[in-house]
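An overview of the molecular structure
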Amino acid sequence: MRVVLAASGFAVAFALGCSGCGGTGEASVPPPPGNEPGSDVTPGTPSPGPGSPSPSPSPSPAPTSTGTTPAPPAGPPAALSCLAQLYVGTPVASSSATAGAWSLRLPDMTELAWDDAKTKTYDDRLATPDLEDTLAMPYLLGTIKPITVVDDDPGRIRSDALLKATFGGTSAAVQAKLVSVDFVGQQVKFHTRAAAALGKVSVRLKQLIAQTPSLSVYVTGELGGTFEWRPIANTNRLSAHSYGIAIDIVVSKSNYWEWEKTANGPLVWKNQIPQAIVDAFEAEGFAWGGRWYHYDTMHFEYRPELFAAACKP
Ligand SMILES: [Zn+2]
């Protein structure tokens, strides 16, 4: 059992889809990365256009001569359409799966299942998620709280296939898409699709530091880094850093579950990162590793789908 809403109205507003609104109260969904200024075109082949055989429900199917009315194909799940807006691919009726199943067809024509209908453990979902699994845990905003529910890791389940298709499938492919971003006075490399969002975080952080100079120690000086093509420690899954969409802030003031786990017993959540720093990142679509049972409090990654109301399955 988990508490769904944090106490503040701020959190509720975000849960209802106010990501990116900050103090301006504007758009409810972050703009698709590909639509942001300076972002690149989709890697690989273009997504199929409107003329592709993407199914759409017939608005008013005529009754047949036998008097039966075939059920129109249902449209894709709204959350799948939302995901397709923020990444690459087109929702399609699955070509090989159960009738009524949906997939995301990637630019290379492979299909990722929306719901593979398998019963999975948490480790199964980490290793072989369907797209719905990647969105299933609600990401909660608001007051920082210890995470005590085992495996409560919203955003930690990722589809590597979708991330590779969107950001690059090899180290060289991702590196070709990296651009320099001013991050609170330091130039860091970030994927061009996420660079504008990181730049907006930087603007917020500079404003914060102007008001509260003591916050500078968390985001200036020696950072943990951004792009690095590497697996997550002790796994064969790629880190979000591999795609140039993650940044680790100050390591010396951070806590990471792998450093502090014991042979037995549950993890004990720890954090030293202030609320205002976390809020600045989350306002621009970055998920924070401090919201995870498997905590990694220096870590922020650009995951706009976790903040978009329309992407909730
Ligand atoms: Zn990290």
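You'll find the structure just up there.
Residues numbered from 1 in each chain as written. Predicted model: local features only at pLDDT ≥ 70, side-chain atom pairs only at ≥ 80, totals over all residues.

As summarised here, the arrangement of the 4 strands in space is S6-S7-S9-S8, forming an open sheet in which the pairing is antiparallel. Every interior strand has two partners, whereas the edge strands, strand S6 (223-225) and strand S8 (286-288), have only one. The average angle at which neighbouring strand axes cross in this sheet is 25°, direction not considered. Pairing geometry for S8 and strand S9 (residues 299-302), over 3 bridges, is antiparallel. Across the sheet, residue Ala287 finds its bridge partner in S9, namely Glu301. Docked against the sheet, helix H9 (residues 275-282) engages S8 and S9, running at close to 145° with respect to S8. (Pairing = 2+ DSSP bridges. Helix = DSSP H or I, 4+ residues; strand = E, 2+ residues; numbered from the N terminus. Axes fitted to C-alpha atoms, helices over the stretch in contact; angles between N-to-C directions. Contact = placed C-beta atoms within 7 Å.)

Next up on the list: the nonpolar core. For soluble globular proteins, nonpolar side chains are generally found buried alongside one another. Counting 65 residues, the largest nonpolar core has Leu80, Leu83, Leu104, Leu131 and Leu198 as its most contacted members. With 9 residues, the single largest contributor to this core is helix H7 (residues 192-211). (Core = buried A, V, L, I, M, F, W, Y, C linked by C-beta atoms within 7 Å. Buried ≥ 20, exposed ≤ 12 C-beta atoms within 10 Å, placed from the backbone.)

It is worth spelling out the environment of Gly285 at this point. Within the fold, Gly285 resides in the loop between H9 and S8. Judged by the 27 C-beta atoms lying within 10 Å of it, Gly285 is buried. For the pair Gly285 and Ala197, spaced 88 residues apart in the sequence, the C-alpha separation amounts to 7.4 Å.

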